[in-house]
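Structural overview
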Amino acid sequence: MSRLLTLLLLPLSWLYAGVAAVRNWLYDRGIWASTGATVPLIGVGNLRVGGTGKTPHVAWVVEQLLHLDQQPAILSRGYGRQTTGFRLATAADTAASIGDEPWQHFRGFGGRVPVVVDEDRRHGLAEMARLVPAVSAVVLDDAYQHRRVRPELNVLLTEQARPFWLDHVLPAGRLRESRRGARRADVIILTKCPPDWPAAEQQRAAARARRYARPGVPVLCSSYEYGALQPVLAPVAVTPGMPVVLLTGIAQPEPLRAELTRRGYPVAQHHRFPDHHAFTAAELQQIRRQLPAGAVVVTTEKDAARLRDAALHTSAAALPLLYLPIRVSFLADGAARLLALLTPLLTPRAVA
C-alpha cells in the first residue's frame, strides 16, 4: 500500500480503532462478561490479519502439553469452513467441514488431540467439557480478539518482518485493533525470524515490542524448521535441482519460496491464491496444463489439507504434488521460557 493511500485511509482506521477500543474497555471494566473454563486456556493469536504463524505455534504448544502428560484440545472458529456451529472433528471431516487449519491439526496429531470448531468459543468450551471430559487444557486458536473467553496465558504473535508496532489499524494497515492491544499479552513471540538472527537485533526488536506490553512480559523469538518434501496424495520422485511450481493459498508464501530457493529448487511458476482459498478442480487442471516439463508442484501443509478434499481427488492426483512441512523452533532459550510459563498452569496428572 502506498504511503499516500495509507494517509488517506487513516481517518477510517482511527474510527475502526475507536470502536475496538470501546469494546475492549467494556471487557476490561467487567461491563461485558469474560469467562474462563474448568481447565486452563492458552490463547494463541495476533493483532493483525493473516500470516503470523498461528498454526505451527499452536501445534508446538499442543506438543509440549502432550509431553507434560496432559490431554490437550484445540478450539478454533474454523475459518473458511462450509458449516456453522459446534463440531467435534472426526475422521469423516474435511477441510470444508471444519476449516483447513483445524483439519491440519486433527490429521497432524493422528486424532489423539480433540479438535473443536465453534464461532462462539464459550459455547464450544461448554460442549467440549460435556463431550470430552478428559481434556485437561485447551489451546485457543486465533482468539486474541474473542474477549468473551479469558485465557490464563495469552500468547501474542507478530512477524519479525512485519511487526505490529510498524503497522496501522484496518483499512490503512492490517491490524484488527490498535497496538495497545499488546497489553493483554502474557508473552510476545516474534515469528519467522532468521535462525541466525544476531542477538543484538533480537534485543532491539524486543525493546520495541516492550513499549506496548505490560512490564515484565517476556518477548521471545521463533523461527521455522522445514522438513523433507512429502507427497500430498501419491509418491512423487524428487531430485535436487528440479524445477518446482509453487501453489499457495496462504497470506505469506514468501518464506516457503525462499526455502525452496535455498535448497536449490528453482521456482518456475507461482500460482498464488488468497489465504484459505477453496481450490477448484478447474484451477488444478489449468495448473497441470501449464506445468513445465520435469517440474513438480509444491504447496504448504495448510494448503495440502484442502487439496485432499474428495471433490479434488482426481485433479490433485493428476499432479506431482508435494508439501513442505514446517515446525517451530525458538532462538536462544525461548522454548524453555515459554515452557516455564505453561507448566504452572497445569494440574498434575497421574501416569497410567
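Residues numbered from 1 in each chain as written. Predicted model: local features only at pLDDT ≥ 70, side-chain atom pairs only at ≥ 80, totals over all residues. Heavy atoms only, no water.

This is how it is decided: UniProt positions are given in the numbering used here, feature names are shortened, and annotations may be inferred rather than shown by experiment.
An unreviewed UniProt entry lists the chain under the name Tetraacyldisaccharide 4'-kinase, from Hymenobacter gummosus. Heading Sequence similarities (unreviewed entry) of the UniProt record for the chain holds this comment: "Belongs to the LpxK family." Checking UniProt for the chain, the heading Catalytic activity (unreviewed entry) contains the comment "a lipid A disaccharide + ATP = a lipid IVA + ADP + H(+)".

1. Section: the domain arrangement of the chain
Applicable threshold: Domain borders in the structure are assigned automatically or taken from a domain database. Contacts were defined at the residue level, with two residues in contact if any of their heavy atoms lie within 4.5 Å. Two parts placed together each lose some accessible area under a 1.4 Å probe, and adding up what both lose gives the buried area.
On domain assignment, one finds that the chain holds domain 1 (3-70 + 136-224 + 331-345) and domain 2 (228-324). Spacing between the C-alpha centres of domain 1 and domain 2 amounts to 30 Å. Contacts between the two partners involve six residues from domain 1, matched on the other side by five residues from domain 2. Contact between domain 1 and domain 2 buries roughly 380 Å² in total, counting both sides, with carbon and sulfur atoms accounting for 54%. Among the residues of domain 1 in contact with domain 2, Gly51, Arg162 and Lys192 are the three that bury the most area, contributing 56% of the side total.

2. Some details on the pairing of strand β7 (residues 187-191)
To keep things clear, this is the line we draw: Only protein chains enter the accessibility calculation, which uses a 1.4 Å probe. A residue is then buried if its area is under 20% of the maximum for its type, exposed if over 50%, and partly exposed in between. Where helices and strands are cited, they refer to DSSP runs of H or I of at least four residues and of E of at least two residues respectively, numbered from the N terminus. Paired strands, as defined in this entry, are two strands with at least two bridges between them according to DSSP.
Along β7, five of the five residues are buried, which leaves the element largely enclosed by surrounding structure. What you see with β7 is no split at all: Val187, Ile189 and Thr191 on one side and Ile188 and Leu190 on the other are buried throughout. With five bridges connecting them, strand β6 (residues 153-159) and β7 associate as parallel partners. Among the inter-strand pairings, Val155 is bridged to a residue of β7, identified as Val187.

3. Comments concerning the side chain of Ser178
By the secondary structure assignment, Ser178 is in the loop between β6 and β7. A relative accessible area of 18% means that Ser178 is categorised as buried.

4. Some words on the nonpolar core
Rule in force here: The criterion is simple. A nonpolar core is a set of buried Ala, Val, Leu, Ile, Met, Phe, Trp, Tyr and Cys residues joined through side-chain atoms within 4.5 Å.
Formed by 33 residues in total, the largest nonpolar core has its most connected members in Ile42, Val155 and Ile189. Not counting residues within four places of it along the chain, the set of residues in contact with Val155 comprises Ile42, Gly43, Val44, Gly45, Tyr144, Val187 and Ile189. Core analysis: the second largest hydrophobic core is formed by 22 residues, Phe164, Ala205, Cys221 and Leu331 among them.

5. Re the sheet that holds strand β2 (residues 72-76)
Across a sheet, strands are paired by hydrogen bonds formed along the backbone, either parallel or antiparallel in direction. For clarity, the threshold we go by: To get an axis, fit a line to the C-alpha atoms, keeping to the stretch in contact for a helix; angles then go from 0 to 180 degrees between the N-to-C directions.
If you walk across this open sheet you meet the nine strands as β3-β4-β2-β5-β1-β6-β7-β8-β14, and the pairing is mixed. The open sheet terminates on both sides in strands that have one partner only, identified here as β3 (87-88) and β14 (326-330). Alignment of β2 against strand β5 (residues 137-141), held across five bridges, turns out to be parallel. Bridge pairing in β5 places Ile74 opposite Val139. On the sheet, helix α5 (residues 121-131) packs against β1 (41-46), β2, β4 (115-117) and β5 and is oriented at approximately 150 degrees with respect to β2.

6. Overview of the packing of helix α2 (residues 54-67) against helix α4 (residues 100-108)
The line we're drawing: Whether a crossing is left-handed or right-handed is set by the direction in which the near helix is turned from the far one by less than a right angle, anticlockwise for left-handed and clockwise for right-handed. Residues are grouped as follows: Ala, Val, Leu, Ile, Met, Phe, Trp, Tyr, Cys and Pro are nonpolar; Asp, Glu, Lys and Arg are charged; all remaining types, including Gly, are polar.
The N-to-C vectors of α2 and α4 enclose an angle of 35 degrees; their axes lie 11 Å apart at closest approach. Like other packed secondary-structure pairs, α2 and α4 cross with a definite hand, here right-handed. Counted together, Thr55, Val58 and Ala59 of α2 and Glu101, Gln104 and His105 of α4 form the full contact between these two elements. Tallied by class, the residues present in the contact of α2 with α4 amount to two nonpolar, three polar and one charged.

7. Considerations on the pairing of strand β12 (residues 296-300)
The buried fraction of β12 is high, at five of five residues. Residues Val296, Val298 and Thr300 of β12 are buried on one face, and the alternating residues Val297 and Thr299, pointing to the opposite face, are buried as well. Inspection of the sheet shows strand β10 (residues 244-248) paired to β12 by four bridges, in the parallel sense. Bridge pairing in β12 places Val244 opposite Val296. Relative to strand β13 (residues 321-324), β12 runs parallel, the two being bridged by four bridges. Residue pairing in the sheet places Thr299 in a bridge with Tyr323 of β13.

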